[in-house]
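Each chain, letter by letter, is given below.
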Amino acid sequence: METQGKNKLAVIVVAAGSGERLGFGMAKAKVPVGSEPMLLHTLRTVVSARIAGQICVALPAGDADLRALCESLDTDRYPKITTVDGGATRAESVRAALAALDAEVTAVLIQDAARPLTPVEVYHRVAQTLAAGALAVIPALPVTDTVKVVERSASTGIAAECVRSTPDRAALRSVQTPQGFDLITLRRAHDAAAGLNAEQLEAVTDDAMLVEAAGVDVYVVKGSASSLKITGPWDLLLAEALLAGPLAPRWVEG
Ligand code: C5P
């Protein structure tokens, strides 16, 4: 695969989410998928993609178990693994990881630990597009549902929300990770966001939106249905079926 030198590309894995919505009473990165913690699946795939000289993992602050998991990984097979304490929002976790990258790193992929089944092909597509000259790349899929923009209804006694508009579905994409960036471009975008208040930071749901706000072109490559984000119990069921069930072979895709 044609990418820039391995040492110049780092992968940040954001794993500092609380996992409240999953209801397991533990950090989401620790929740087992099959028999192993979600974070381990994600890290294994990053390693087998063979694109990174450094992996930097943002963990829930002070989580000794997850830190031990990262430190226990086989350093002969794995690239350098750095861990940092994540922040209160995803954007703050990314920011903490950006501060811990090696000096020679010039480009970075940012992966949600909560997408443990992202195929290596998606990592490769993103890394190749960066190597081709993009400053920002995201993997995405077409949206299959019709999507509505809603607002608070004027008659809440009837229903809480009303439709305001219907965007053209053909122009909509459902966006995944890993998202890839030229490091200087991403650092600038995060620095520009440093003044946001807590509510505004909460609304930063991916890194590309910060780069878009700076007027940078964000290129789009094909994502994968296997790259689902584990948010609720239904996603976990689906991920386990993909890993172990009879459907698995049919689901393996780029
Ligand atoms: O909350 P959400 O599902 O959007 O989280 C996406 C990813 O961001 C997850 O992998 C989660 O662990 C990570 N995250 C983080 N720090 C936070 C919140 C989320 O690293 N404060």
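1. Some remarks on the nonpolar core
The nonpolar side chains of a soluble globular protein tend to be buried, and buried together.
Thinking step 1. Val13, Leu39, Leu43, Ile51, Val57 and Leu109 are the most contacted members of the largest nonpolar core, which totals 32 residues.
Thinking step 2. Of all elements in the fold, only β1 (9–14), α1 (38–49), β4 (54–59), α2 (64–71), β6 (107–112) and α4 (120–131) reach the threshold of two or more residues within this core.
Thinking step 3. Broken down by element, the residue count for this core peaks at 6 residues, all from α1.
Thinking step 4. Listed in part, the 28 residues of the second largest apolar core include Ile12, Ala97, Val108 and Leu201.

2. What to know about the side chain of Thr89
Thinking step 1. Locating Thr89 in the fold gives a position in the loop between β5 (80–85) and α3 (90–98).
Thinking step 2. Of the polar contacts made by the side chain of Thr89, one reaches the side chain of Glu92; its length is 2.7 Å.

3. Regarding the site of the ligand
Thinking step 1. The full set close to the ligand counts 15 residues, and Val14, Ala16, Gly17, Gly87 and Ser93 are the nearest of them.
Thinking step 2. Val14 is positioned such that a nitrogen or oxygen atom in its backbone is 2.7 Å from an oxygen atom of the ligand.
Thinking step 3. Separating an oxygen atom of the ligand from a backbone N or O atom of Ala16 is a distance of 2.9 Å.
Thinking step 4. Protein chains bury 85% of the 460 Å² of accessible surface belonging to the ligand in isolation.

4. Digging into α3
Thinking step 1. Along α3, the positions that sit buried rather than exposed are Ala91, Ser93, Val94, Ala97 and Leu98. Across the axial projection of α3, the buried residues extend over an arc of 160°, all falling on one side.
Thinking step 2. Where α3 is buried, its residues meet β1, β4, β5, β6, α5 (183–192) and α6 (198–202).

5. Some points on the pairing of strand β7 (residues 136–142)
Thinking step 1. Among the 7 residues that make up β7, 5 are buried, leaving the element largely enclosed by the rest of the structure.
Thinking step 2. In this structure, β7 lies alongside strand β11 (residues 179–182), joined through 2 bridges in antiparallel fashion. Across the sheet, residue Val137 finds its bridge partner in β11, namely Gly180.
Thinking step 3. One ladder, built from 4 bridges, connects β7 with strand β12 (residues 219–222); its direction is parallel. In the sheet register, Ala140 faces β12, and the bridge partner there is Lys222.
Thinking step 4. As paired strands, β7 and strand β10 (residues 173–175) are joined by 3 bridges and run antiparallel to one another. Bridge pairing in β10 places Ala140 opposite Val175.

6. Considering the pattern of salt bridges
Thinking step 1. One pass over the full model with this rule turns up 10 salt bridges.
Thinking step 2. In this structure, the salt-bridge partner of Glu36 is Arg44, at a minimum N-O distance of 2.9 Å.
Thinking step 3. The partner of Asp112 in a salt bridge is Arg115, and the shortest N-O contact between them spans 3.2 Å. One exposure class covers both Asp112 and Arg115, and it is buried.
Thinking step 4. Shared partners join several salt bridges into a network, and the residues in it are Arg90, Asp112, Arg115 and Asp207.

7. Comments concerning the side chain of His41
Thinking step 1. Checked against the element boundaries, His41 lands in helix α1.
Thinking step 2. Only 2.8 Å separates the side chain of His41 from the backbone oxygen of Val33, close enough to count as a polar contact.
Thinking step 3. Residue contacts for His41: discarding those within four places in its chain leaves Val33, Glu36, Pro116 and Leu243.

Rules behind the numbers
Residues numbered from 1 in each chain as written. Predicted model: local features only at pLDDT ≥ 70, side-chain atom pairs only at ≥ 80, totals over all residues. Heavy atoms only, no water. Core = buried A, V, L, I, M, F, W, Y, C linked by side-chain atoms within 4.5 Å. Buried < 20%, exposed > 50% of the residue type's maximum accessible area, 1.4 Å probe, protein only. Helix = DSSP H or I, 4+ residues; strand = E, 2+ residues; numbered from the N terminus. Polar contact = N/O pair within 3.5 Å; in protein donor to acceptor, adjacent residues only side chain to side chain. Near = heavy atom within 4 Å. Areas by Shrake-Rupley, 256 points an atom, 1.4 Å probe, with all protein chains shown as cover. Arc of directions from axis to C-beta. Contact = heavy atoms within 4.5 Å. Pairing = 2+ DSSP bridges. Salt bridge = Lys/Arg side-chain N within 4 Å of Asp/Glu carboxyl O.

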